[in-house]
Amino acid sequence: MDHRLYFIFGDLVSNMVAGILIALCAALLVGTGWNMFVAMIVMMALGMILCLFLSLALGILFGAMEIMVPVMLTGMFSGMISGMWLAMAEAPVLSLIWLGATTGLVITCVIWLVNAALRGVSTAELN
C-alpha cells in the first residue's frame, strides 16, 4: 500500500463513502418487518455488489487492488450491521451515516494493520 498522503486520504474517503452509501441503501430497502438474518444476508450481498462497481470507479484514482478489497469489506460489514439494525428498529438517517463512516474508518485501520503485519513491518515504521 502506498504511503503518500493522496493514497492514504483516498483509501479513507473511499471506505467512508462506501459505508455511508450502503447504510443509506439499507435504509431504503430494509424495514422492521424483515427477518434479521435475511436482512443481514441480503444487505451483505448488495453491499459487496454495489461496492464492486464503486471500487471500479475509484480504482482508477487510487489503485485497483488497494481500493477493491477494503471497499468491498466495508460494504459487506456496513450492509450487515445496518441491515440487522433496521430489521430490529427504525434508525435515524444521521445515525446510519455515522455507522457507515465509522465502519469505513475501522475497516481502513484494520486493513492497514493487517497489511503491515503480513509484510513484517512494525506499526512504528508505518510513519
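Up top is the structure.
Let me sum up the structure you'll find in this document.

The rules we used
- Residues numbered from 1 in each chain as written.
- Predicted model: local features only at pLDDT ≥ 70, side-chain atom pairs only at ≥ 80, totals over all residues.
- Heavy atoms only, no water.
- Core = buried A, V, L, I, M, F, W, Y, C linked by side-chain atoms within 4.5 Å.
- Buried < 20%, exposed > 50% of the residue type's maximum accessible area, 1.4 Å probe, protein only.
- Helix = DSSP H or I, 4+ residues; strand = E, 2+ residues; numbered from the N terminus.
- Contact = heavy atoms within 4.5 Å.
- Axes fitted to C-alpha atoms, helices over the stretch in contact; angles between N-to-C directions.
- Parallel < 35°, antiparallel > 145°, perpendicular 65-115°, else oblique.
- Left-handed = near helix turned anticlockwise from the far one by under 90°.
- Nonpolar A, V, L, I, M, F, W, Y, C, P; charged D, E, K, R; others polar.

### Quick look at the nonpolar core
By size, the foremost hydrophobic cluster in this structure holds 20 residues, and its most contacted members are Val30, Cys51, Val71, Leu86 and Leu96. Broken down by secondary-structure element, the contributors of at least two residues to this core are helix 1 (5-29), helix 2 (36-62), helix 3 (64-88) and helix 4 (93-119).

### Some details on the environment of Gly83
Following the sequence through the fold, Gly83 ends up in helix 3. Residue class for Gly83 comes out buried when judged on its relative accessible area of 0%. Taking the C-alpha atoms as reference, Gly83 lies 30 Å from Ile60; in sequence the two are 23 residues apart. Discounting chain neighbours no more than four positions away, the residues touching Gly83 are Ala26, Val30, Ala39, Met43 and Ser78.

### As for the packing of helix 1 against helix 3
Interhelical geometry of helix 1 versus helix 3 gives an angle of 30° and a closest axis separation of 8 Å. As judged from the angle between their axes, helix 1 and helix 3 are roughly parallel. Considering only the axes of helix 1 and helix 3, their crossing is right-handed. Where helix 1 approaches helix 3, its residues Gly10, Asp11, Ser14, Asn15, Ala18, Gly19, Ile22, Ala23, Ala26 and Ala27 are matched on the opposing element by Glu66, Ile67, Pro70, Val71, Thr74, Gly75, Ser78, Gly79, Ser82, Gly83 and Leu86. The class makeup of the residues in the contact of helix 1 with helix 3 is nine nonpolar, 10 polar and two charged.

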